[in-house]
Structures are given as C-alpha cells and as structure tokens.
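Residue strings, one per chain:
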Amino acid sequence: MNRTLSLTCVLLAAMLTAVAAPGPSADITLPPPAPGPVDFDRDIAPLFERHCVSCHGPERQRGGLRLDVRTRALAGGNSGPAIVPGRSAESPLLHFVIGEPADMRMPREGEPLSNGEVGLLRAWIEQGAPWPQSQSDAGEADPARTHWAFQPLMRPAVPVAASAAEPLQPVDAFIDARLAAEGLRRNPEADPRSLIRRLYLVMLGVPPGPGEVEAFVNDTASDAYERLVDRVLGDMRYGERWARHWLDVIRFAESNGFETNRERLQAWRFRDYVIQSFNEDKPYDQFVREQIAGDALGADVATGFLVGGPVDIVKSPDPRLTAQQRADELDDMVATTGTTFLGLTLGCARCHTHKFDPVTHREYHALTALLAGVQHGERPVALPPSEEAARARRLEELAAQLVVLNAELTTFEPQAVVEPGALPGRPEVQARLNVDRFAPVTARRLRFVIEETRGGGEPCLDELEVYSGARNVALASRGTTVRVSGTLPGYAIHQAAHVNDGRTGNDHSWIADTTGQGWVELAFPEAVVVDRVVWGRDREGRFGDRTPGRYRIEVADDIAADWQTVATSADRLPAGSAKGDIASLAPEAAAQRSRLLSEQEACLREQRSLRERPTTYSGTFQTPRTIRRLHRGDPLEPREAVAPGTLELFRPLQLAEEAPEQARRLALADWIAHPENPLTARVLVNRVWQHAFGVGLVATPNDFGLNGSPPSHPELLDWLAADFIASGWRLKALHRQLLLSGTWRQSSAPREDARRVDANSRLLWRFPPRRLEAEAIRDTLLAVSGVLDPTPGGPGFYLHEVDRENVYHYHPKEQFGPAEYRRMIYAFKVRMEQDGVFGAFDCPDGSLVVPKRSSSTTPLQALNLFNSRFTLDLADAFAARLDREAGGDPADRIGRAWLLAFGRAPAAGERDEALAWSAQHGFPALCRALLNANELVFLP
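Residues numbered from 1 in each chain as written. Predicted model: local features only at pLDDT ≥ 70, side-chain atom pairs only at ≥ 80, totals over all residues. Heavy atoms only, no water.

**What about the overall build of the chain?**
As a reminder, the rule being used: Strands are runs of DSSP state E lasting at least 2 residues, helices are runs of H or I lasting at least 4, and numbering of each runs from the N terminus. Only protein chains enter the calculation, and the probe is 1.4 Å; a residue is then buried if its accessible area is under 20% of its type maximum, exposed if over 50%, and partly exposed in between. Contact criterion: two residues are considered in contact whenever any of their non-hydrogen atoms come within 4.5 Å of each other. In short, Shrake-Rupley with a 1.4 Å probe defines the accessible areas, and a residue's cover is counted only from the protein chains shown. The charge count includes Lys and Arg as positive and Asp and Glu as negative, but it does not include His or the ends of the chains. Note on charges: their place is set at NZ of Lys, CZ of Arg, CG of Asp or CD of Glu.
If you tally the helices and strands in the chain, you get 30 helices and 17 strands. Residues classed as buried in the chain amount to 54% of the 940 residues present. In the chain, the proportion of contacts linking residues at least 24 apart, taken out of those at least 6 apart, comes to 73%. As presented, the chain carries roughly 39200 Å² of accessible surface, and 53% of it is formed by carbon and sulfur atoms. Placing the 106 positive and 125 negative side-chain charges of the chain at their respective mean positions leaves the two points 1 Å apart.

**What about the pattern of salt bridges?**
Formally: Counted as salt bridges are all cases of a side-chain nitrogen of Lys or Arg within 4 Å of a carboxyl oxygen of Asp or Glu.
Applying the stated criterion across every chain yields a total of 72 salt bridges. Residues Glu599 and Arg595 are paired through a salt bridge, measuring 2.7 Å at the closest nitrogen-oxygen approach. Here the residue Glu599 and the residue Arg595 both occupy positions in helix H17 (residues 587–611), the gap between them amounting to four residues, near one helical turn. The exposure class assigned to Glu599 is partly exposed, which follows from its relative accessible area of 29%. Several salt bridges converge on common partners, so that one network encompasses Arg447, Glu451, Glu452, Arg550, Arg552 and Glu554.

**Regarding the packing of aromatic side chains**
Keep this limit in mind: Stacked, tilted and edge-to-face are the three classes assigned to paired rings of Phe, Tyr and Trp, where Trp is represented by its six-membered ring and a pair needs centres within 6.5 Å; plane angles under 30 degrees give stacked, over 60 edge-to-face, the rest tilted.
The final tally for this structure, using the stated rule, is 30 aromatic pairs. Ring geometry for Phe278 versus Phe287: centroids 5.5 Å apart, planes at 55°, classification tilted. Like Phe278, the residue Phe287 is buried in the burial classification. A centroid spacing of 5.2 Å and a plane angle of 15° characterise the contact between Phe650 and Trp671, whose relative ring orientation is stacked. With Phe650 in the loop between strand S15 (638–641) and helix H18 (661–673) and Trp671 in helix H18, the pair connects residues that are 21 residues apart, well separated along the chain. What makes Trp671 buried here is its relative accessible area of 3%.

**Overview of the packing of helix H8 (residues 192–203) against helix H11 (residues 237–249)**
Worth spelling out the cut-off: Lines fitted to C-alpha atoms define the axes here, with helix axes fitted over just the stretch in contact, and angles between the N-to-C directions of these axes take values from 0 to 180 degrees. For this classification, under 35 degrees means roughly parallel, over 145 means roughly antiparallel, 65 to 115 means roughly perpendicular, and everything else is oblique. Classes in brief: Ala, Val, Leu, Ile, Met, Phe, Trp, Tyr, Cys and Pro nonpolar; Asp, Glu, Lys and Arg charged; the others, Gly included, polar.
For the pair H8 and H11, interaxial distance at closest approach is 8 Å and the crossing angle is 60°. As summarised for this structure, H8 and H11 are arranged oblique, according to the angle between their axes. In this structure, H8 contributes Tyr200, Leu201, Val202 and Met203 to the contact, and H11 contributes Arg237, Tyr238, Arg241 and Trp242. When grouped by side-chain class, the residues that make up the contact of H8 with H11 number six nonpolar, no polar and two charged.

**Observations concerning the nonpolar core**
We count it as follows: Only buried residues count toward a nonpolar core, which is a set of Ala, Val, Leu, Ile, Met, Phe, Trp, Tyr and Cys residues joined through side-chain atoms within 4.5 Å.
The biggest cluster of nonpolar side chains holds 146 residues, and the ones touching the most others in it are Tyr284, Trp689, Leu720, Trp744 and Phe838. In contact with Leu720, not counting residues within four places along its chain, are Val171, Val685, Trp689, Leu697, Leu734, Gln737 and Leu738. Of all hydrophobic cores here, the second largest spans 30 residues; its members include Val473, Trp510, Phe524 and Ile553.

**Some words on the environment of Leu882**
Note that Leu882 resides in helix H26 (residues 869–886). Spatially, the C-alpha atoms of Leu882 and Val555 are 70 Å apart, while their sequence positions differ by 327 residues. Every residue in contact with Leu882, bar those within four places of it in the chain, is listed here: Gly887, Arg893, Arg896, Ala897, Leu900, Phe923 and Cys927.

**Re the environment of Val688**
Tracing the backbone shows Val688 in helix H19 (residues 680–693). Looking at Val688, the relative accessible area reads 3%, which means it is buried. Linking Val688 and Ser855, residues 167 residues apart in sequence, is a C-alpha distance of 18 Å. Sequence-distant contacts of Val688, that is, excluding residues within four places in its chain, are made with Trp242, Leu734, His735 and Leu738.

**Description of the pairing of strand S3 (residues 434–453)**
Put simply, the rule is: Between any two strands, at least two bridges found by DSSP are needed for them to pair.
One ladder, built from 13 bridges, connects S3 with strand S9 (residues 518–536); its direction is antiparallel. Bridging across to S9, Phe448 finds its partner in Val520. Sheet topology note: the S3/strand S10 (residues 548–556) ladder contains eight bridges and is antiparallel. Each bridged residue has a counterpart across the sheet, and for Val449 the counterpart in S10 is Arg552.

**What to know about helix H2 (residues 40–51)**
Which entries qualify depends on this criterion: The length a helix should cover is 1.5 Å for every residue beyond the first. Each C-beta atom gives one direction from the helix axis, and the arc is the one those directions make. For the purposes of these results, a polar contact is taken to be a pair of N or O atoms within 3.5 Å, where, inside protein, one atom must be able to donate a hydrogen and its partner to accept one; residues adjacent in sequence count only when each atom of the pair is a side-chain atom.
Here H2 contains twelve residues, and its C-alpha end-to-end distance of 15 Å stays within 8% of the 16 Å for a straight helix at 1.5 Å per residue. If you check which residues of H2 are buried, you get Phe40, Asp43, Ile44, Ala45, Leu47, Phe48 and His51. Mapping the buried residues of H2 onto a view down its axis gives an arc of 165°, with all of them on the same face. At the N-terminal boundary of H2, the capping side chain belongs to Asp39, with an oxygen 3.1 Å from the backbone nitrogen of Asp41.

**Quick word on the environment of Ser618**
Checked against the element boundaries, Ser618 lands in the loop between strand S12 (615–616) and strand S13 (620–621). Given a relative accessible area of 0%, Ser618 falls into the buried group. In contact with Ser618, not counting residues within four places along its chain, are Asp300, Val301, Thr303, Gly304, Val307, Gly377 and Arg379. Separated by 3.4 Å, the side chain of Ser618 and the backbone nitrogen of Gly304 make a polar contact.

**Concerning empty space enclosed by the protein**
Test applied: Method remark: on a 1 Å grid restricted to protein atoms, a set of points is classed as a cavity if a 1.4 Å probe fits but cannot get out and as a pocket if it is open with protein on both sides within 12 Å along at least five of seven lines; lining residues have an atom within 4 Å of a point. Grid points are joined across faces, edges and corners, and a volume is the space filled by probe spheres set on the points.
Evaluation of the coordinates by the stated rule reveals eleven cavities of 30 Å³ or more. Within this model, the largest cavity holds a volume of roughly 140 Å³. Surrounding the largest cavity, 15 residues form its lining, Met824, Ala827, Phe828, Lys829 and Cys843 being those nearest its centre. For the lining of the largest cavity, the residue count by class is seven nonpolar, two polar and six charged. Estimates place the volume of the second largest cavity at around 90 Å³. What lines the second largest cavity is simply Trp242, His245, Trp246, Val249, Phe278, Leu684, Arg687, Val688, His691 and Leu731.

**Details of the side chain of Asp312**
Along the chain, Asp312 turns up in the loop between helix H13 (284–293) and helix H14 (319–342). No salt bridge is formed by the buried Asp312, whose closest oppositely charged neighbour, Lys315, lies at an N-O distance of 6.1 Å. At a separation of 3.1 Å, a polar atom in the side chain of Asp312 contacts the main-chain amide nitrogen of Val314.

**Focus on H13**
Across the ten residues of H13, eight count as buried, placing the element largely inside the fold. Those residues of H13 not exposed but buried are Tyr284, Asp285, Phe287, Val288, Glu290, Gln291, Ile292 and Ala293.

**A few points about the packing of H11 against H19**
Two packed helices can be described by the angle between their axes and the distance between those axes. The condition that has to hold: Handedness of a crossing is defined here by the sense of rotation of the near helix relative to the far one, left-handed for an anticlockwise turn of less than a right angle and right-handed for a clockwise turn.
At a minimum axis distance of 12 Å, the contact between H11 and H19 shows a crossing angle of 120°. By the criterion of interaxial angle, the relationship of H11 to H19 is oblique. Of the two possible hands of crossing, H11 and H19 adopt the one that is right-handed. Along the contact surface, H11 presents Trp242, His245, Trp246 and Val249, while H19 presents Leu684, Arg687, Val688, His691 and Ala692. When the residues that make up the contact of H11 with H19 are grouped by side-chain class, the tally is six nonpolar, two polar and one charged.

**A few points about the state of the cysteines**
Just so we agree on the cut-off: Any two cysteine sulfur atoms lying within 2.5 Å of each other are counted as a disulfide.
On inspection of all chains with the given rule, the structure shows zero disulfides. Unpaired in terms of disulfides, Cys351 finds its nearest cysteine sulfur in Cys348, a separation of 9.7 Å. Using a relative accessible area of 33% as the deciding quantity, one classes Cys351 as partly exposed.

**Brief notes about the confidence of the model for the chain**
The criterion, for reference: Across the chain, each position has a pLDDT score giving the predictor's confidence in that residue, from 0 to 100.
Confidence in the prediction for the chain averages 89 pLDDT; 92% of positions are at 70 or higher. pLDDT under 50 marks residues 1–27. Its contacts with residues more than four places away, or in other chains, come to 67 contacts. Segment residues 134–139 is flagged for pLDDT under 50; beyond a separation of four residues in sequence, or across chains, it makes 15 contacts in the model.

**A closer look at unusual backbone geometry**
Unusually for a residue other than glycine, Asp281 sits at a positive phi of about 55°. Among the secondary structure elements, Asp281 is positioned in the loop between helix H12 (268–279) and H13. Of the residues examined, Asp281 reaches a relative accessible area of 15% and is grouped as buried. Of note in this structure, Arg632 is not a glycine but carries a positive phi near 55°.

**A short note on the side chain of Asp43**
Relative to the assigned elements, Asp43 resides in helix H2. A distance of 2.9 Å separates a polar atom in the side chain of Asp43 from a polar atom in the side chain of Arg42. Not counting the four nearest positions on each side in its chain, Asp43 is found in contact with Val38 and Leu120.

Below, the structure written as structure tokens:
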C-alpha cells in the first residue's frame, strides 16, 4: 500500500481535530454523485489508499480518524463521524475535501480532488457506504470480528480424560484438562464439616447450625451432598445472599448521594424484588427485561435498576448546569446497563469513539436515546392480584373492627349538655377525632354549624359521621345528600362531597370559603333515630389548623321543621386543660377506655396505610426529547440528531426518532436478553463463577472488551454460558452445576508442588480460601450469638442516626439492639457513609458499581471487630446462649461454643486453654475471642 504522506490527509486531520463537523451549507454546491453503482474495491479503496491511508491507517490516525478498517472509518475521529451513510451532504469528509470553508480547501498545495473523485465518494456514501467484508481486514483485523467475547456463543466439546474410569462432570473435565497441561491435579474432596460450612457461607451467607452439621456428617447415603445442595438452593436465605452481589453490581443504595444525600424511602421495594427473583429462580433473560422495561411486563418495581444510581437534586437556573446534570444521569444509566449486562465500558464512548472496543461515539448516543425518557423519582406501584385481594380483605376486617370499637367507646362518652350554664366536663376538641353523644332523637336533617376555628382560617372537616346505633347513616352511599355554606375554590381535594364519602384525611376533606365560620347540612333519605355524631378535621393526624373550636349540632325531624340543638362545644373542656381525658370516669373504666382508644388508633393507622397506594423509587417515564450527538460529550455542543439504536457489534437495532418511550426500553431489553447476544450469558455465568470460587474465569467481570482480562478457561466459560441458555436461563441450575462439581468440593489445603506453578490457585488445583465479605461476617456473628432476626423484606433498619435538614447527615450508631439485628441486606443503604463497624471491611457505599469486592487487611478491621460495642454486646448474648443451651458445666459450654462457631468439637488443647481462660476472665471474654477468630470469618 502507498505510504506517501498526503498534504490532503494532513489538512483533513487538522480540520477534523480542530473544528466541529460542519452541516450542509447553502453556499456550497457539492458535485453530483457519480452515476451508476460504485464498487468499493474498484473505486473507493484506491482513492483512500492514494490520499488518506498514510496518515489515517494502521500506523497513525491523525485526529483519531482511521480509514482502512470499516468500523473505525464509520466511527469517525475525535470530532465525531466523518461519514454519515446515506447522507453525503451531511458527511464532514466531503465538505473538507471540497474546501468548506474556502480558506481551508484541501490540499492547499497541489491538485485538489477532482469532481469525479468527489462524485465517487458522494455516490458511495449515498448508497450506504457499503464496505465488503474482505476489506474489513485491510491493514489489521477488525476487533469486532476477532475478539473472543464478541464471537457467537458456541458449545465446545467436553474434554475426555484418558485416565478417568467414567466420564467427568463437565466443569471438572475442563478444569482437569487445563491442570493436566501444567502437570497439576485437583485436591481430594474436603471433609464433610468443611464442605457444609463452605456451602452455607457461600450460598446463604450464614453458617450451618450444629444440628445441620451433624445430620450431614452422619448421612451415609450416596446422594447426601446432592440433597443438601438442593435444600440450600431452596432456602429463602439464598435470595438474600445473592441479591447483595447483584446490588453491588448495579450501584444500588437508598439515598441520593451528592450534596443533600436525602433518603429514598421507597427504594427498598426494588431490593425485595431482587431477593424474590433469585428465590423464585426467575429466568435470567426475564430478570434482565424486567429491570429495563418492567412497567410493560407486570413488574413495576424492577425498573429501580435504571435509577439505582446517585442523582443531584439541587437544580439551578443555569441551563449549562442543568444540561450537564441530565447528561450525567443518562450516562449513569447507559454505562451501568453496559457493564451490568454486557460487560462493556460503554461510558468510554461518551466523549469520543471508544479507544479499545468497537463502540462508536454515535452508538453511545443512540443507546442514550433508548433511555432518554427515564427520570429519577417515585411512582405508584401496581401490586400483584393476590396482594390486592389481601389488602381488600384486611380493609373489610378493619372496618368491622372499628364499628365494634367505636360502639364500645361510645359508652364511655358523656352525653352533651345543652342547657344554659352547663359546666365543661367533656374532653376538649381534638383535630383528629371527636364524638358528640346525645339522647336518641328522630331526624330527617342534621346540621353542623361552625362558629369559630382554632387560630382562625376557614374551617375544615374530613368526614361527618352520624350514627343510628352501629350504622353510619350519613354516608352518601346510603342516599344521604350534603349541602354546605360554601367551598374554598381552587382545590380539588377540598370538596363538599368529601364530607360523607367514607374517606378520611386532609386529601378527602371540605374547607369552607369563610374565615372562622361555615356549616354542613345532611339530608337523610328517610327519618332515622340518631344518637351521636363523629367528626374530625384530619384523622390522619397530619394537620391541626382549621379545626372547629366552637360549634353546635342541630337536627330537624322533617324537611320544613325548625332546628333543635342536640350538642355544642360549650360543655367541652378548654384546649390543653385535660388532654382529652374524661375526669368523671372510675380508674378501671378509664383504663378500659384508654385500651380501646389505643386499639382504635392502631386500626385507623393500619387502615390509612392500606388505603394509601404504595409507591416505589423506580423512576418515572416521559416522552423523550430528541437526542443529539454531543461534541466531546459537551451538552452545550449538540450536533446531528441520533435515532435510538444499539451497537452494530451484533444484531444491530435502530428505531425511528419518534419511537414511543416504553417501546425503546422494550427494544433494548429484548436486544440484551436475546440468546444470540454473545455477551449476556457469558457475563452472568462469569459473575456466578466469581462468587462461587472467589475470582471469575474472566478476572475483569465488568470489562469483557479488548482492555479486559482474557478468560483463564475460555472453553469452560462458553460451555457454561451455552448450557445456561439451554437450561432456560435458570440460575439455580447453574449453581447446582458448580456446587456438585469436584472442583467446588475439593479441599482448600495447600500443596507446595502446585503453589510453585500456580500460587494464586487460578487454575483451581484447590478450592481457594478467602475471607467473607462485610455483610456475611456481620450476619455470621449475629447467627452464632443467637440473636439474628430472620424477618424478611420491608423497609430497612438504620445503622446511622440521621439529621434530616436540607442536607442530610448520617452518623454511625454506637448502640445496637434487636432493631439492628436483622440481616445486613436489610440495612438502609446510605451513599457516601459507612457503617461504623463493618464499613471497614471493604463494604461499598453504592456510589459506584462494584463488580468485585476488594479484600484488604487493616488495623481498623481488627479494632472494630474486637472493641466495638456491637461485638461486646454479641459476646454477652453468645455467653447467655451457651448458658441456656449447655447448662452450667464449663466443658459442656465450651463444646457447644465450638459447635456453634466452627461446626466442630474443640481439640483437646483448645478445650484446656478455653477452660483456663474462661475461669480467669469469664465466658463473655471467651465468646469475644471466638467472634474474632479467623476460622469464623474465612471459608474452609
């Protein structure tokens, strides 16, 4: 190929580097396209070779542009695409070679490209810039065609060992073949006690109990271990353990991060969704689709994945800052989607074409367009039909229970006294709930007249109930109509119809249009005998203003009859004088009334909670704006519009620019989860392998690109990925495959001959021992001490005290109790702050994706585990457990301690030392030492 430096190429590179890609200009007339079809090999390749390849080829790429490899040529240079297939007039390459602007015509010296050459270029681009596959390898091989991770997924043949008496399990066959090539072999199988302990700690995150250990050790059946694996995979703790791994990968936390770092109080629903998905063994392809487009698939909560990252909620009138914030939000979504599901660093293409992987700057923005309608925030969540039915049943039960409670409470209420001069004796007016009881009277109408409100303002009522025995006759559903003095305009939540609609709370109330005064009149469909009125300003207890303070209740026994006063506020105690108590009640009656009021309040609180539609922090969706390629990633330098689409790397997908928002995410989800996608299954299988063995077959789990690590066992990785898809994308089947292998079951004992060849056990000649992560250490300490609360799901508990100002401050707790003794997966996950004890154990805070935990050893870890209030309290609890379960004999207590902590009996020397130590320092000190033992927190 001609390597002569072309002045045309030099100037082209300078222009592409220095200025943004120009758009069509009315002042420039492009030569017409050459007639007839253009052949790349005959017409275009020689043109590139003569003018361009010397400075845009394999040896140098001025301005980041390379024109001898198809993917690199179409990707463009540092300033974006130089060739826009199908649109020659918008292709910067043509504008530069014809000299736009005129003072930059190329070449400045020598003959410019002829009109015929420009016409050939233009015709070729108009025809879609076709590039024969044979030319993709010109100069150097196209990475998109040769890199191992981008190749179609094949199922390699399982190696056959010549010396094996029977066919090996596939995992073992691949591992043994690789070991044999290095002159190595696997260790023998671990002893049963080590095996069950390893299985529980890796798969469940807590150790087995002594009874479980002994049952397995004494089970001599040939399928004992296989049955144990099946029980573990069916354990509900499995989902809690493996959800933690997934939440690391997707940067999940429950605060916003940035300056304010405010809480996301409904984000826990996504955490529970992940746990449930793992426990249900949801097919992984479905799991992927739901996290991207769950709102279209009956899994509303699942899209919490998209908005799981940090967000800056402090907005500014400065459009530059706002644009940058939004660009950052979308980049977080695109980059996390890429690393999580594809193992690709898509975020590297935000400012320019990826320097290593075949991901162009334009493709990055096409992916951004697929997610451009996603916004951070909460939205109502649809519940499963079974849960909706359960809520409805419970509401009916509560309504019936409240009828009984209200009737019982009525018996304690003194009757209203309306005679002049009556002394106050009834409880003061409450904003939440008031009862006015009077002698039974026949009424066709009832009027509640407000004469004054507390603190002024227009009076408000959330519900006015009128009882005939146990029946509320005021309800509109019973035919009762309502009239009011007037309604404050402009508020849909404050209407006359809300007075008797059966719904309580400020959001279903009436407000008068006159300060301090107003009235409500109810007309019953027929005359009824009534004996009490129940009313409130806001039964949810959120508001106390606008409460009627002075009022009267009147009835009329006919439509035209005069009003008769049956109750007033005149005999109520003044505000703050008696806290609503009834002074005339005997002590036993007062206690009974207090109990009934507490039950009533609990019922009302649960009723309010059930009536509120639950929300989830899983994002909101809106029609996406037009996405434009951002020059160098700068939101203030938009270029051409980019239609939503995926990578050309495999099964490329492109949607119309006006494609609906939800359809975009569905298309992305289907593209990622398609079985022909070569990355999705490989990446997931590698993650599972990593958490099973400590390091993945690919050591860079979030980077399967050219800059990542090559797989240690490429054939095994592909075999597992292909089998994973063939097995219905089932994670438990994959886990079972690994756990039943001899590779997993082998001893972790070191061998000097093997260590000389493979010191890090990368080839798996032994099971690699490792320390547990922070969450598993904490859960193990709680379990051994006998105080672990297994309550699943729901809002998390706090390991911090929170100062809730404009900027939230989180202070690690120093005192712990039963409220903090749940599994750590349920701790409220705070960004930019760590738990005071276990944060030192390399525990990520959710600010960034963490595909693989580091494992440091620091003095602070030892100090926290030995001296923290948490450990001291657990040591006391552990000692108390030993006293309960083993009695007072020190030897029995020591034996029980070793079984609980390590799953084995103490050796003779250990027992003697423990007896001497506990006799001198006490059993809490011994328990404290056991909770700090390496054997407790390392995999056997």
